[in-house]
Amino acid sequence: LKYGRPDAGFLRWRWRPDACDLAPFNPAQFLELMRNKAFAFVGDNIARNHVQSLICLLSKLEYPIDVSPGRDEHFKRWKYMSYNFTMAFFWTSHLVKSEESTKTGIFNVYLDEFDEAWTSQMAGFDYMMISAGQWFLRPLLFHEHGRVIGCHDCFLNNVTELGIYHGYRRAFRTAFKAILSSESYRGITYMRTFAPPHFENGLWNEGGNCLRTEPFKSKESPLEGQNLELYMTQMEEFRRAEREGRKKGFKFRLLDTTQAMWLRPDGHPSKYGHWPQENVSLYNDCVHWCLPGPIDIWSDFLLHMLKMEGITSAQERAQFAHQTELNQR
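Residues numbered from 1 in each chain as written. Predicted model: local features only at pLDDT ≥ 70, side-chain atom pairs only at ≥ 80, totals over all residues. Heavy atoms only, no water.

### Concerning the layout of surface pockets
Phase 1: Approximately 820 Å³ is the volume attributed to the largest pocket.
Phase 2: Elements with a contribution of two residues or more to the lining of the largest pocket: helix H2 (45-58) and helix H5 (225-248). (1 Å grid on protein atoms, 1.4 Å probe; cavity = no way out; pocket = protein on both sides within 12 Å on 5 of 7 lines; lining within 4 Å. Points joined across faces, edges and corners; volume = space filled by probe spheres on them. Helix = DSSP H or I, 4+ residues; strand = E, 2+ residues; numbered from the N terminus.)

### Quick notes on the nonpolar core
Phase 1: Counting residues in hydrophobic clusters, the biggest one holds 83 residues, and the most contacted among them are Phe30 and Ile179.
Phase 2: No other element matches the 8 residues that helix H4 (residues 164-180) contributes to this core.
Phase 3: In this structure Phe30 touches Phe25, Leu54, Leu58, Phe85, Leu302, Leu303 and Leu306, once residues within four positions along its chain are discounted. (Core = buried A, V, L, I, M, F, W, Y, C linked by side-chain atoms within 4.5 Å. Buried < 20%, exposed > 50% of the residue type's maximum accessible area, 1.4 Å probe, protein only. Contact = heavy atoms within 4.5 Å.)

### So, the side chain of Ser68
Phase 1: In this fold, Ser68 is placed in the loop between strand S4 (65-66) and strand S5 (75-80).
Phase 2: By relative accessible area, which is 17% here, Ser68 ends up buried.
Phase 3: A polar atom in the side chain of Ser68 sits 2.6 Å from the side chain of Asp66.
Phase 4: With near-sequence residues (within four places) excluded, Ser68 lies in contact with Phe75, Lys76 and Arg77. (Polar contact = N/O pair within 3.5 Å; in protein donor to acceptor, adjacent residues only side chain to side chain.)

### Some remarks on the pairing of strand S8 (residues 107-114)
Both faces of the sheet carry side chains from a regular strand, because those side chains alternate between them.
Phase 1: For strand S7 (residues 96-100) and S8, the ladder comprises 5 bridges, and the chain directions are antiparallel. Directly across from Glu99, in S8, lies its bridge partner Asn108.
Phase 2: A loop of 6 residues connects S7 with S8, the two strands running antiparallel in sequence, and Gly105 in this loop sits at a positive phi of about 80 degrees.
Phase 3: Where S8 and strand S10 (residues 140-144) come together, 4 bridges link them in parallel fashion. (Pairing = 2+ DSSP bridges.)

Have a look at this one:
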């Protein structure tokens, strides 16, 4: 995997896969493909970061109108009037029902319960992209079947430490279950893979920072440890949902961004990811992505996949017809 650097400035680096010519994002093509359609982005701060990036890219052609039903910044809708295209952002920290304890600061995560804040909004969308990650790194108390079953990093007496991966897996499984059991949503679901942070010389709450000015080389820093395990957990649950969806007529697509983003330690805001008046002596932002920046490539990937969707759909129809014929024999 290689990077090109057409202009000065470290944020001008652009992902270029080996033996593949990935076209730059074309706002006219994207909006034409989205004509008379609706696309929902479901996730946390990073999902919102992606939406902000996409709006910036599309602004070369058109600015949307805010058509949000209320003032809650966690639930937004925009409309591109010339194309009758609606884009939405639905906030969810853990994909499933969750709430932060005001006493302990630990999140109660209900691994077998839908987060109805977004699952109740799926109807009418042609596309939906779900993602999750950073909020699972915090102390969590896991609930299933109406009782506490364990935790991650909670240090509570008589509570079993199950670890981050148990909660991550179960949350994605429940989110996919919400989609697969929906009677009102029949759109194409994308899962965007984990976007790794790049804290060095300490964790996020220990003064860690991200001061690099160039990408990693392909083999300089392999994806490993927690980042790799979170990625693999996602992949396993996605493949599971994909198999189940195929039986029920649901379409799942994978937007695999993890490796591309792991190689971009230079692309975070660091101390500039906050308002000037905020105290950033402890927390540098090595989680979100600069705009413009590496996150813009996600829309390159997405547009390519959307353009391929017609071909993929034709292949799926042929495979479905063939399987149906075999079943009838």
